[in-house]
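Below, each chain spelled out in residue letters.
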Amino acid sequence: MNWRNLIILSLSILVSNCTYSQQEPKNKNMEDQKKSDVYSRTDTSKVNLTNEEWKGRLSPEVYNIAREKGTEYAFTGKYWNSKEAGTYYCAACGNPLFVSDAKFESSCGWPSFFEPITKGSVIYAPDNTHGMHRTEVMCGRCKAHLGHVFDDGPPPTGLRYCINSVILDFDKAKEADKNFKGKH
Ligand SMILES: [Zn+2]
């Protein structure tokens, strides 16, 4: 290889590196723009906003589930069938809710977990709407509606937290799954 080719090769490597490093922060910013000013994965202080205040902070889809207790269609959410390792946060406020280790395959069409990250991650309320007696599950930090919990889950808890994908914000495990990822 002569010098001229070597220089061209070096330049093209340099250019491709630059392109890559420029794309990274751009995507990051786009990701940040989706989060509201109350979104935090570390702040544990409670978030008390009126529905009007939430409306300006959430997408219509998230607002419908979180504040109007909507339900996404079964088998349509992005996480019902996901087996990726990581943490599920509240899409409205960033509160850590569930880890993938507690997720199990359920035929119901919604992401299903047998336990929340901590006892305080979620709160509960009786829900007697639609002629059923169910237990509603809400975010322990911002009271966003997440879904319902049923007692037909697998061990060790026997519980099935049936949660809407829309209100979940998933982040892949970083340190713990490095070896795991290497095998793929
Ligand atoms: Zn929340």
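If you're wondering where the values come from, they're calculated on a predicted model, not measured in any experiment. (Residues numbered from 1 in each chain as written. Predicted model: local features only at pLDDT ≥ 70, side-chain atom pairs only at ≥ 80, totals over all residues. Heavy atoms only, no water.)

## What to know about the packing of aromatic side chains
Heads up, the condition is: Centres within 6.5 Å make a pair out of two Phe, Tyr or Trp rings, where for Trp the six-membered ring is used; the pair is then stacked when the planes are under 30 degrees apart, edge-to-face when over 60, and tilted otherwise. Each residue gets one of three labels from its accessible area relative to the maximum for its type: buried under 20%, exposed over 50%, partly exposed in between, using a 1.4 Å probe on protein chains only.
In this structure the tally under the stated criterion is eight aromatic pairs. Centre to centre, the rings of Phe75 and Trp80 are 4.9 Å apart; their planes meet at 90°, and the pair counts as edge-to-face. Judged by its relative accessible area of 25%, Trp80 is partly exposed. Aromatic side chains Tyr88 and Phe170 sit 4.7 Å apart centroid to centroid with 45° between the ring planes, which places their arrangement in the tilted category.

## Points about the UniProt feature "binding site: Zn(2+)" (unreviewed entry) in the protein
What counts, and what does not: UniProt positions are given in the numbering used here, feature names are shortened, and annotations may be inferred rather than shown by experiment. Here a strand is any run of E in DSSP of at least two residues, a helix any run of H or I of at least four, and the numbering for each starts at the N terminus. Two residues form a contact once any of their heavy atoms are found within 4.5 Å.
When the UniProt feature table is mapped onto this chain numbering, "binding site: Zn(2+)" (unreviewed entry) sits at Cys90, Cys93, Cys139 and Cys142. For this annotated set, covering 53 residues, all C-alpha atoms fall within 8.7 Å of each other, a compact arrangement in space. Mapped onto the elements, Cys139 comes out in strand 6 (residues 134-139). If sequence neighbours within four positions are ignored, Cys139 has contacts with Cys90, Cys93, Asn95, Leu97, Ser121, Val122, Ile123, Ala144 and Leu146. Positionally, Cys142 belongs in the loop between strand 6 and strand 7 (145-150). For Cys142, the residues in contact, after removing those within four places along its chain, are Val47, Trp54, Arg67, Cys90, Ala92 and Cys93.

## Topic: the sheet that holds strand 9 (residues 168-172)
The test is simple: If DSSP finds at least two bridges between two strands, the strands pair. Here, axes are lines fitted to C-alpha atoms. For helices the fit covers the stretch in contact, and angles between N-to-C directions go from 0 to 180 degrees.
The strand order across the open sheet formed by three strands is 2-1-9, and the pairing between neighbours is antiparallel. A strand with exactly one partner marks an edge of an open sheet, and here the two such strands are strand 2 (96-99) and strand 9. Direction aside, neighbouring strands of the sheet carry axes that sit 30° apart on average. Bridge count between strand 1 (residues 86-90) and strand 9: five bridges; the pairing is antiparallel. Note that in strand 9 the partner of Thr87 across the bridge is Asp171.

## Quick word on the pattern of salt bridges
Our working rule: The term salt bridge refers to a side-chain nitrogen of Lys or Arg lying within 4 Å of a carboxyl oxygen of Asp or Glu.
Evaluation of the coordinates by the stated rule reveals 10 salt bridges. A salt bridge links Arg41 to Asp171; the nearest nitrogen and oxygen atoms lie 2.6 Å apart. Highlighted residues: Arg41 in the loop between helix 1 (3-34) and helix 2 (51-55) and Asp171 in strand 9, separated in sequence by 130 residues. What makes Arg41 partly exposed here is its relative accessible area of 30%. The salt bridge partner of Lys69 is Glu136, with a shortest N-O separation of 2.8 Å.

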